[in-house]
There are 6 protein chains.
Amino acid sequence: MPHVQITWVAGRSAEQKRKIVERVTQALVEEGRAKIENIHVTFNDLPATDYAEAGVLVADQKRAP
Amino acid sequence: MPHVQITWVAGRSAEQKRKIVERVTQALVEEGRAKIENIHVTFNDLPATDYAEAGVLVADQKRAP
Amino acid sequence: MPHVQITWVAGRSAEQKRKIVERVTQALVEEGRAKIENIHVTFNDLPATDYAEAGVLVADQKRAP
Amino acid sequence: MPHVQITWVAGRSAEQKRKIVERVTQALVEEGRAKIENIHVTFNDLPATDYAEAGVLVADQKRAP
Amino acid sequence: MPHVQITWVAGRSAEQKRKIVERVTQALVEEGRAKIENIHVTFNDLPATDYAEAGVLVADQKRAP
Amino acid sequence: MPHVQITWVAGRSAEQKRKIVERVTQALVEEGRAKIENIHVTFNDLPATDYAEAGVLVADQKRAP
């Protein structure tokens, strides 16, 4: 432990994910005393039709100018 | 908050998701006193080989007549 | 299917959850053609120290006047 | 209930998933007294860039000889 | 990986969970070729007011004779 | 978006969570170009009987000297 799940709309590169994993893992080790070898981080990349905020799909938010 | 995750077998259109998001968001505002701007709804669309009920994959249920 | 998970800060009554379950379930049946007997809805009630928005714990938001 | 979510890097066949579903479902019925008709199992297959262990993406682990 | 999350209504003992963990872990090793040291299993024990099936809270199901 | 869920065995203070939230949120803004106002972070604190690694409950790991 711990297990970290990051759910968002797809669009980030592997390089961006690599950096996020490093920083999130480091934060959990330094602030949460987690053992690095047990830290799992997963990304759940969703299409813009599968994430909604305030009752509106992200796909529809994009239509706004 | 809140965050709502809906996991099911893929097959619904963006229009269907749009309506579900509206109704779920409205229910949380009206019955749960959630603030609309903080409500997130996500859909996790899975292939029929990745969802099982009662020990049987949905993909295998479909084979039944 | 589907499985619906609602994660928020604790504070709603069973009666509020009952109504939300009814409306969410109905929305999935009517708009998503889900079979009612397979719809599962779960609530994940968290303490205010375990939910953060925009980098701030909900527990700390409450301190604001 | 219960709902079982299995998150891992993609690569298993439908046949492998079928067997895992059977054994997990059986374990929950026999050891956990769950009713078989209410047991849902879902697989969340992720690309190797979307799962990290110990601060390293699985995609990068594979580069090691 | 993998990460297995089991969500249900509370009521099982540590001993029951111990057995379920053993069998689920074994199934993933034998059928899914997962490495045992990377398998995480978590239980999400919910009150009966926080799990609904077919539009009805488990707490309300219990009222039925 | 995004929504970040951190699942682990309970035991960290609100102050530790506060710092983790800040660093995780910052990492997502700086490396992932997420908008800070839409970032949600939740902690899922579990008892030591509800998290297992390598087939062993954390509660049982603690028994080892």
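All figures in this text were calculated on a predicted structure; none of them were measured in a lab. (Residues numbered from 1 in each chain as written. Chains lettered and ligands numbered in written order. Predicted model: local features only at pLDDT ≥ 70, side-chain atom pairs only at ≥ 80, totals over all residues. Heavy atoms only, no water.)

Trainee: An account of the overall build of chain A is requested, with residue identities and associated values reported.
Mentor: From N to C terminus, chain A includes two helices and four strands. When its helices and strands are written in sequence order, chain A yields β-α-β-β-β-α. A compact globule built from 65 residues should have a C-alpha radius of gyration of about 11 Å, whereas chain A, at 15 Å, is more than 25% larger. Across its three principal directions, the C-alpha atoms of chain A cover 45 × 25 × 15 Å. Counting every position in chain A, which comprises 65 residues, the buried fraction comes to 60%. When contacts within chain A are restricted to residue pairs at least 6 apart in sequence, long-range pairs at least 24 apart make up 61% of them. Carbon and sulfur atoms make up 51% of the accessible area of chain A, which amounts to about 2700 Å² in all. (Helix = DSSP H or I, 4+ residues; strand = E, 2+ residues; numbered from the N terminus. Rg over C-alpha atoms; globule rule 2.2 N^0.38 Å. Buried < 20%, exposed > 50% of the residue type's maximum accessible area, 1.4 Å probe, protein only. Contact = heavy atoms within 4.5 Å. Areas by Shrake-Rupley, 256 points an atom, 1.4 Å probe, with all protein chains shown as cover.)

Trainee: Would you mind going over the relation of the copies chain F and chain A in detail, with residue names and values included?
Mentor: Superposing chain F onto chain A takes a rotation of 180° combined with a translation of 0.0 Å along the rotation axis, leaving an RMSD of 0.0 Å. Taken together, the rotation angle and the small translation identify this as a two-fold axis. The fraction of interface residues of chain F whose copies in chain A are also interface residues reaches 100%, indicating that both copies meet through the same surface. (Least-squares fit on C-alpha atoms with pLDDT ≥ 70 in both.)

Trainee: Hey, could you go over the sheet that holds strand E2 (residues 40–46) of chain D for me, with residue numbers and the actual values?
Mentor: The sheet built from eight strands is open, its strands ordered E4(B)-E3(B)-E2(D)-E1(D)-E1(E)-E2(E)-E3(F)-E4(F) with mixed pairing. Because the sheet does not close on itself, it has two edges, and the strands there are strand E4 (56–57) of chain B together with strand E4 (56–57) of chain F. Judged from the two bridges that link them, strand E3 (residues 51–53) of chain B and E4 of chain B form a sheet pairing that is antiparallel. Its bridge partner being in E4 of chain B, Glu 53 of chain B is matched across the sheet by Val 56 of chain B. On the sheet, helix H1 (residues 14–32) of chain D packs against E3 and E4 of chain B, strand E1 (3–9) and E2 of chain D together with strand E1 (3–9) of chain E and is oriented at approximately 140° with respect to E2 of chain D. Across the sheet, helix H1 (residues 14–32) of chain E touches E1 of chain D, E1 and strand E2 (40–46) of chain E together with strand E3 (51–53) and E4 of chain F, and the angle it forms with E2 of chain E is around 140°. (Pairing = 2+ DSSP bridges. Axes fitted to C-alpha atoms, helices over the stretch in contact; angles between N-to-C directions.)

Trainee: Can you break down H1 of chain D residue by residue, with the values?
Mentor: All names here are of chain D. The first and last C-alpha atoms of H1 sit 26 Å apart over 19 residues, in line with the 27 Å expected at 1.5 Å per residue. Looking at H1, one finds that the buried residues are Gln 16, Lys 17, Arg 18, Ile 20, Val 21, Val 24, Thr 25, Ala 27, Leu 28, Glu 31 and Gly 32. Within two residues after H1, Arg 33 carries a phi angle of roughly 55°, on the positive side. (Expected span 1.5 Å × (residues − 1).)

Trainee: Report on the side chain of His 3 of chain B, specifying residues and quantitative values.
Mentor: Positionally, His 3 of chain B belongs in strand E1 (residues 3–9). The residues touching His 3 of chain B, leaving out its near neighbours within four places in the chain, are Tyr 51 of chain A, His 40 and Thr 42 of chain B, Gln 5, Ile 6, Thr 7 and Tyr 51 of chain C together with His 3 of chain F.

Trainee: Provide a residue-level description of the packing of helix H1 (residues 14–32) of chain B against helix H1 (residues 14–32) of chain C, including the pertinent values.
Mentor: Interhelical geometry of H1 of chain B versus H1 of chain C gives an angle of 165° and a closest axis separation of 9 Å. Between H1 of chain B and H1 of chain C, the interaxial angle falls into the category roughly antiparallel. Crossing hand, H1 of chain B versus H1 of chain C: right-handed. Across the interface between the two elements, Gln 16, Lys 19, Ile 20, Arg 23, Val 24, Gln 26, Ala 27, Leu 28, Glu 30, Glu 31 and Gly 32 of chain B of H1 of chain B pack against Gln 16, Lys 19, Ile 20, Arg 23, Val 24, Gln 26, Ala 27, Leu 28, Glu 30, Glu 31 and Gly 32 of chain C of H1 of chain C. (Parallel < 35°, antiparallel > 145°, perpendicular 65-115°, else oblique. Left-handed = near helix turned anticlockwise from the far one by under 90°.)

Trainee: Can you explain the relation of the copies chain F and chain B? Please cite residues and give values.
Mentor: Mapping chain F onto chain B calls for a rotation angle of 180° and an axial translation of 0.0 Å; the resulting RMSD is 0.0 Å. Same-surface contact between copies: 100% of interface residues of chain F are shared with the interface of chain B.

Trainee: How would you explain the sheet that holds strand E4 (residues 56–57) of chain D if you had to name every residue and give the values?
Mentor: Whether parallel or antiparallel, the strands of a sheet pair through hydrogen bonds between backbone atoms. Read across the open sheet, the eight strands follow the order E4(C)-E3(C)-E2(F)-E1(F)-E1(A)-E2(A)-E3(D)-E4(D); overall the sheet is mixed. The open sheet terminates on both sides in strands that have one partner only, identified here as strand E4 (56–57) of chain C together with E4 of chain D. Where helix H1 (residues 14–32) of chain F meets the sheet, its contacts fall on strand E1 (3–9) of chain A, strand E3 (51–53) and E4 of chain C together with strand E1 (3–9) and strand E2 (40–46) of chain F, and the angle it forms with E2 of chain F comes to roughly 140°.

Trainee: Now, about the interface of chain F and chain A: what can you tell me, with residues and values included?
Mentor: Contact residues are listed per partner, giving 26 residues for chain F and 26 residues for chain A. Interface of chain F and chain A: buried area, both sides summed, is about 2500 Å²; carbon and sulfur atoms make up 54% of it. Considering only the side of chain F, the residues that lose the most area to chain A are Met 1, Arg 23 and Glu 31 of chain F, jointly responsible for 29% of the buried surface there. Viewed at the interface, chain A and chain F are joined by four salt bridges. Inspection of the region where chain F meets chain A yields 12 residue pairs in polar contact (both at pLDDT 80 or more). Residue assignment for the side of chain F that touches chain A shows that the elements contributing at least two residues are E1, H1 and E3 of chain F. Across the side of chain F that touches chain A, the residue classes break down as 12 nonpolar, seven polar and seven charged. Relative to E1 of chain F, E1 of chain A is paired through five bridges, and the arrangement is antiparallel. Each bridged residue has a counterpart across the sheet, and for Ile 6 of chain A the counterpart in E1 of chain F is Val 4 of chain F. (Buried area = accessible area lost by both parts, 1.4 Å probe. Salt bridge = Lys/Arg side-chain N within 4 Å of Asp/Glu carboxyl O. Polar contact = N/O pair within 3.5 Å; in protein donor to acceptor, adjacent residues only side chain to side chain. Nonpolar A, V, L, I, M, F, W, Y, C, P; charged D, E, K, R; others polar.)

Trainee: If you had to explain empty space enclosed by the protein to someone new, which residues and values would you point to?
Mentor: Under the counting rule described, the total for this entry stands at one cavity of 30 Å³ or more. Around the largest cavity, the lining is made up of 40 residues, and of these Gln 5 of chain A, Gln 5 of chain B, Gln 5 of chain D, Gln 5 of chain E together with Gln 5 of chain F lie nearest the centre. For the lining of the largest cavity, the class distribution of residues is 16 nonpolar, 24 polar and no charged. (1 Å grid on protein atoms, 1.4 Å probe; cavity = no way out; pocket = protein on both sides within 12 Å on 5 of 7 lines; lining within 4 Å. Points joined across faces, edges and corners; volume = space filled by probe spheres on them.)

Trainee: Outline the packing of aromatic side chains, supporting the account with residue identities and numerical values.
Mentor: Per the counting criterion, the structure on display carries six aromatic pairs over all chains. Pairing Trp 8 of chain F with Phe 43 of chain F gives two aromatic rings, centres 5.6 Å apart and planes at 15°, and the pair type is stacked. Placement of Trp 8 of chain F in strand E1 and of Phe 43 of chain F in strand E2 is noted, with a sequence separation of 35 residues between them. By relative accessible area, Phe 43 of chain F is classed as buried at 1%. The ring of Trp 8 of chain A is capped by Arg 12 of chain A, whose NZ or CZ atom sits 4.2 Å from the centre of that ring. (Phe/Tyr/Trp six-rings, centres within 6.5 Å; stacked < 30°, edge-to-face > 60°. Lys NZ or Arg CZ within 6 Å of the ring centre and 35° of its normal.)

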